Amino acid sequence: MRRVALVVLLLAYVAALLPDFFSPYRPSRQHRDYPYAAPGIYGGGQLRLLVRGESYRLLGVVPASLRLFGTDGHGFVFLLGSDEFGRDVYSRLCHGASTSLLLAPAAALFSLILALGLGSVAGYYGGWPDIAVTRAGEILLALPWFYFVVALRAALPLNLSAAAALLTLFTLLGLLGWALPARVFRGIVRGLRVRDFVIASRSQGARDLRIFWFHLVPFLLPAARTQLLVSLPAYIITEVSLSFLGLGVVEPTPTWGNMLTPLQQYVVLTSYPWMLAPVVAIVLVFLSLNTLAQDSAHREGVAK
């Protein structure tokens, strides 16, 4: 299961890094004659691998036009069907992964670094830093943070640009998600600060920063890896939920959340099952992350 999970995440993140290569069309390209088209090839074209298509910039830098697959110049291919505007669902799914799978981990990593610093300071020094960090963490844990993010985002202008909306959303997620992992790091550091090797290093005149870097960080990294894998699904589902409600990333920038917005209509939900493709992708990524998190926690427990 761990190998399967690694393969699924590898494929998802490669597609997120190279969405233009893996998708036959730009995410905004519309085929108005084919709204809600079922998966298939239309217009008499033939499917080809490694074809030249619309130009793009590989990794946002290198000019390129090679795409993994497409038609031979005639017709259109919709691997996962099309949406209400005739846009290719598969192409939008690949480009949506760039937002949902790359920016959510960035927010989780930012939150984890914040938690690592605050939790370590609280656990190592105790006293008023410990009280301040602990009380602030308790306040954040008591908040229903999803609704808190919804309220904060709703208080901001709804006509924010895509870049501003992304930055605002994931900054809020990062600032609100540090409390729980900080408690974990605080407990680990409190146990380590009375160990013989830390006391010996301190008695020889080692500075706190050196003790932290060489003696505490090696013990914190396995826990940090596990916390990252455990918290990632929460960040992804928060982005998906906010975008689904129209409070996150808005059109025309595709994300897995705003791709699900048409499913609010009962007719779309029941008549066009290929519109559920983002749901399948989200479930597969969640299962893979949970599998790796459980495996990491098991290995950490065995090591201890």
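Residues numbered from 1 in each chain as written. Predicted model: local features only at pLDDT ≥ 70, side-chain atom pairs only at ≥ 80, totals over all residues. Heavy atoms only, no water.

Caption draft 1: How the structure looks around the pattern of salt bridges. In total, this model carries seven salt bridges according to the counting rule given. With a closest N to O distance of 3.9 Å, aspartate 83 and arginine 92 form a salt bridge. Of the charged contacts in the structure, one is a salt bridge between glutamate 138 and arginine 135, with a shortest N-O distance of 3.6 Å. Residue glutamate 138 and its partner arginine 135 are both found in helix α5 (residues 127-142); the two are separated by three residues, about one turn of the helix. Connected via shared salt-bridge partners are Arg26, Arg29 and Glu54. (Salt bridge = Lys/Arg side-chain N within 4 Å of Asp/Glu carboxyl O. Helix = DSSP H or I, 4+ residues; strand = E, 2+ residues; numbered from the N terminus.)

Caption draft 2: Region of the structure containing the confidence of the model for the protein chain. Looking at the protein chain, pLDDT values average 84 and 95% of them are 70 or higher. Looking over the protein chain, one finds the lowest element-wise mean pLDDT in helix α6 (residues 145-155), namely 74, and the highest in helix α2 (residues 19-22), namely 92. (pLDDT = per-residue confidence, 0-100.)

Caption draft 3: Just the layout of surface pockets, in detail. Estimates place the volume of the largest pocket at around 360 Å³. Taken together, 16 residues form the lining of the largest pocket, with Leu11, Ala12, Ala15, Leu93 and Ala281 sitting closest to its centre. No other element matches the five residues that helix α12 (residues 277-303) contributes to the lining of the largest pocket. Here the lining of the largest pocket is built from residues that sort into 16 nonpolar, no polar and no charged. Around the second largest pocket sit 17 residues that line it, and Trp145, Gly177, Leu180, Pro181 and Ser231 are the ones nearest its centre. No other element matches helix α10 (residues 208-244), which puts five residues into the lining of the second largest pocket. Each residue belonging to the lining of the second largest pocket can be placed in one class, and the counts come to 13 nonpolar, four polar and no charged. (1 Å grid on protein atoms, 1.4 Å probe; cavity = no way out; pocket = protein on both sides within 12 Å on 5 of 7 lines; lining within 4 Å. Points joined across faces, edges and corners; volume = space filled by probe spheres on them. Nonpolar A, V, L, I, M, F, W, Y, C, P; charged D, E, K, R; others polar.)

Caption draft 4: Quick peek at unusual backbone geometry. Phi at tyrosine 36 is positive, roughly 50°, even though this residue is not glycine. Within the secondary structure, tyrosine 36 is located in the loop between α2 and β1 (40-42). On the basis of relative accessibility, which here comes to 17%, the residue tyrosine 36 falls in the buried class. The phi dihedral of leucine 50 falls on the positive side, at around 55°, and the residue is not glycine. Judged by relative accessible area, which is 52%, leucine 50 ranks as exposed. (Buried < 20%, exposed > 50% of the residue type's maximum accessible area, 1.4 Å probe, protein only.)

Caption draft 5: Here's a closer look at the packing of aromatic side chains. In total, this model carries 10 aromatic pairs according to the counting rule given. Ring centres of tyrosine 42 and phenylalanine 78 lie 5.7 Å apart, and the angle between their planes is 45°; this geometry places the pair in the tilted category. In this pair, tyrosine 42 is assigned in strand β1 and phenylalanine 78 in strand β4 (residues 76-78), connecting sequence segments 36 residues apart. Look at phenylalanine 78 and you get buried, because its relative accessible area is 1%. Cluster of aromatic residues (ring-pair linked, three or more members): Tyr34, Tyr42, Phe76 and Phe78. The cationic tip of arginine 210 hangs over the ring face of phenylalanine 214; the distance from NZ or CZ to the ring centre is 4.7 Å. (Phe/Tyr/Trp six-rings, centres within 6.5 Å; stacked < 30°, edge-to-face > 60°. Lys NZ or Arg CZ within 6 Å of the ring centre and 35° of its normal.)

Caption draft 6: Representation of the nonpolar core in the model. By size, the foremost hydrophobic cluster in this structure holds 62 residues, and its most contacted members are Leu101, Ile236, Trp256 and Val285. Looking at this core element by element, the count peaks at 11 residues for α10. Ignoring sequence-local partners within four residues, the contact set of leucine 101 consists of Ala12, Tyr13, Ala16, Ile236, Trp256 and Val285. Listed in part, the 10 residues of the second largest apolar core include Phe21, Phe22, Tyr90 and Cys94. (Core = buried A, V, L, I, M, F, W, Y, C linked by side-chain atoms within 4.5 Å. Contact = heavy atoms within 4.5 Å.)

Caption draft 7: The environment of serine 82, seen in detail. With respect to the helices and strands, serine 82 occurs in the loop between β4 and α3 (89-100). Taking the C-alpha atoms as reference, serine 82 lies 4.9 Å from tyrosine 36; in sequence the two are 46 residues apart. Ignoring anything within four residues of it in the chain, the contact list for serine 82 reads Tyr34, Pro35, Tyr36, Ala37, Arg87, Val89, Trp274 and Met275. Here the side chain of serine 82 touches tyrosine 34 through a polar contact of 2.6 Å, landing on its backbone oxygen. A distance of 3.3 Å separates a polar side-chain atom of serine 82 from the backbone nitrogen of tyrosine 36. (Polar contact = N/O pair within 3.5 Å; in protein donor to acceptor, adjacent residues only side chain to side chain.)

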